[in-house]
Amino acid sequence: MTAQSSATAPRTVTVSGLALGALGVLAFSMSLPATRVAVHELDPWFVAFGRAVGAALLAWGYLRLTGAPRPAATTWRRLSVVALGVVVGFPLFTSLALTSETAAHGAVVVTVLPALTAIFAVLRAGERPRPAFWAASAGGVLAVLTFLITSGAVHGRLSAADLYLLAAVVLCGLGYAEGGALARELGGARTICWSLILALPATLPIALVAAFRHPPAAGGEAWAGFGYVTVVSMFLGFFAWYAGLARGGIAQVGQIQLAQPLLTLIWSALLLGEAVTPASIVAALAVLACVALLQRVKPRG
């Protein structure tokens, strides 16, 4: 796939857009289990920012090999939004959350990500959603909060891990929407690559400080998890994901994310031996229903 291959943005969902989006979701569905494995032995700050540094080095190599031109000055502000959401925000908050929570629990919270992506896409495009759109979105958020309060909180309060996860999905939804729109101009590959390079002055010092304070020493499984979130979750997965959003539309291709939490639950059970409770399944299905309704509601013309 070349950087230019994802630069077009037709109004209808194309087969290639759906296929690329599905490939991205498949790649991301392993992110929480892989992060859970990595932070079991590695410092979460090192995992969050070290993966960004490693992916930035891969991005630099890709940009050099393809001879990609530097973005226009006005594009850097939009790239900073992408970097804030998917390079810094989501990796940091999920790494902190998964030091104490299971990947299966995180998968339930991530179920609202398609809704948040659609909301940010609508807000960014200046469309006027119908009341049913907001009702479906509120229903999904309410289902998640109900699950968190009843199963993951103490004395009726959200735990710190739950708040980290909620912050992660909000920032990720913003980064997905902004990156999907920007990929129509830059292409999916260059959008994530330049975002990684832009964030490097912040991610590199933090990763070095984290490594100095807690020298990374771990077994093969932890390093394999770190390698996955660096190469696939932080780099290659976005090639396909942003290209799919650019070709088929953010809100439309974003529907494929509905499968991600369920895939994560399966990976968590198969790879980590985590228990998937009936409450988790019910909460995930309830949110999926709300998000499916949200995606079907068309904005006003």
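This text follows the structure it describes.
The paragraphs below set out a description of the structure included in this document. (Residues numbered from 1 in each chain as written. Predicted model: local features only at pLDDT ≥ 70, side-chain atom pairs only at ≥ 80, totals over all residues. Heavy atoms only, no water.)

## With respect to the overall build of the chain
Point 1. Secondary structure summary: the chain contains 13 helices and 0 strands in total.
Point 2. For the chain, the α and β elements follow one another from N to C terminus as α-α-α-α-α-α-α-α-α-α-α-α-α.
Point 3. Residues counted as buried form 53% of the 301 residues belonging to the chain. (Helix = DSSP H or I, 4+ residues; strand = E, 2+ residues; numbered from the N terminus. Buried < 20%, exposed > 50% of the residue type's maximum accessible area, 1.4 Å probe, protein only.)

## Regarding the side chain of Thr191
Point 1. As for its position among the elements, Thr191 is in helix H9 (residues 188-213).
Point 2. Residue contacts for Thr191: discarding those within four places in its chain leaves Leu79, Gly179, Leu182, Ala183, Leu186 and Tyr242. (Contact = heavy atoms within 4.5 Å.)

## Re empty space enclosed by the protein
Point 1. Scanning the model with the defined rule gives 1 cavity of 30 Å³ or more in all.
Point 2. Its boundaries defined by the atoms lining it, the largest cavity holds a volume of some 140 Å³.
Point 3. The wall of the largest cavity is formed by 17 residues, among which Phe28, Ser31, Phe90, Cys172 and Tyr176 lie closest to the centre.
Point 4. Mapped by element, the contributors of at least two residues to the lining of the largest cavity are helix H2 (31-39), helix H4 (75-97), helix H8 (160-186), helix H10 (220-248) and helix H12 (260-272).
Point 5. Partitioning the lining of the largest cavity into residue classes produces 11 nonpolar, 5 polar and 1 charged. (1 Å grid on protein atoms, 1.4 Å probe; cavity = no way out; pocket = protein on both sides within 12 Å on 5 of 7 lines; lining within 4 Å. Points joined across faces, edges and corners; volume = space filled by probe spheres on them. Nonpolar A, V, L, I, M, F, W, Y, C, P; charged D, E, K, R; others polar.)

## A few points about a nonpolar patch on the surface
Point 1. Residues Leu58, Val231 and Leu236 make up a contiguous nonpolar surface patch of roughly 210 Å² in combined accessible area.
Point 2. Considering the arrangement of structural elements, one finds Leu236 in helix H10.
Point 3. Since its relative accessible area comes to 42%, Leu236 is described here as partly exposed. (Patch = residues over 30% accessible without salt bridge, like charges linked within 9 Å, V, L, I, M, F, W, Y side chains within 5 Å. Areas by Shrake-Rupley, 256 points an atom, 1.4 Å probe, with all protein chains shown as cover. Salt bridge = Lys/Arg side-chain N within 4 Å of Asp/Glu carboxyl O.)

## Here's the deal with the nonpolar core
Point 1. Val86, Val87, Tyr176, Leu196, Phe238, Trp241 and Tyr242 are the most contacted members of the largest nonpolar core, which totals 56 residues.
Point 2. Here Trp241 is in contact with Leu20, Gly21, Gly24, Val25, Phe28, Tyr176, Val253, Gly254 and Gln257, once residues within four sequence places are set aside.
Point 3. Core analysis: the next-biggest nonpolar cluster, separate from the first, contains 6 residues, Phe49, Val53, Leu92 and Leu96 among them. (Core = buried A, V, L, I, M, F, W, Y, C linked by side-chain atoms within 4.5 Å.)

## With respect to the layout of surface pockets
Point 1. Roughly 170 Å³ of volume is contained in the second largest pocket.
Point 2. Along the walls of the second largest pocket sit Arg36, Val37, Val39, His40, Glu41, Leu98, Thr99, Glu221, Leu271 and Leu272, which together make up its complete lining.
Point 3. Of all elements in the fold, only H2 and H12 reach the threshold of two or more residues within the lining of the second largest pocket.
Point 4. With 3 residues, H2 is the largest single contributor of residues to the lining of the second largest pocket.

## A word on H10
Point 1. Taking 1.5 Å of rise per residue, 29 residues should cover 42 Å, and H10 covers 39 Å from first to last C-alpha, within 8% of that figure.
Point 2. The largest bend in H10 amounts to roughly 50° and is located at Phe238.
Point 3. Looking at the residues trailing H10, positive phi occurs at Gly249, about 100°. (Expected span 1.5 Å × (residues − 1). Bend = angle between axes of the 7 residues up to and from the residue.)

## A few points about the pattern of salt bridges
Point 1. This structure, assessed with the given rule, holds 3 salt bridges.
Point 2. Among the salt bridges present, the one from Arg36 reaches Glu274, with a minimum N-O distance of 3.8 Å. Residue Arg36 is found in helix H2, and its partner Glu274 is found in the loop between H12 and helix H13 (278-296); the two are separated by 238 residues along the sequence.
Point 3. When its relative accessible area of 24% is taken as the criterion, Arg36 is described as partly exposed.
Point 4. Residue Glu274 is classed as buried on the basis of its relative accessible area, which comes to 12%.
Point 5. The salt bridge partner of Glu185 is Arg78, with a shortest N-O separation of 3.0 Å. Pair noted here: Glu185 is in helix H8 and Arg78 is in helix H4, with a separation of 107 residues, a long-range link.
Point 6. Bridged by salt links that share partners, the residues Arg78, Glu178 and Glu185 form one connected network.

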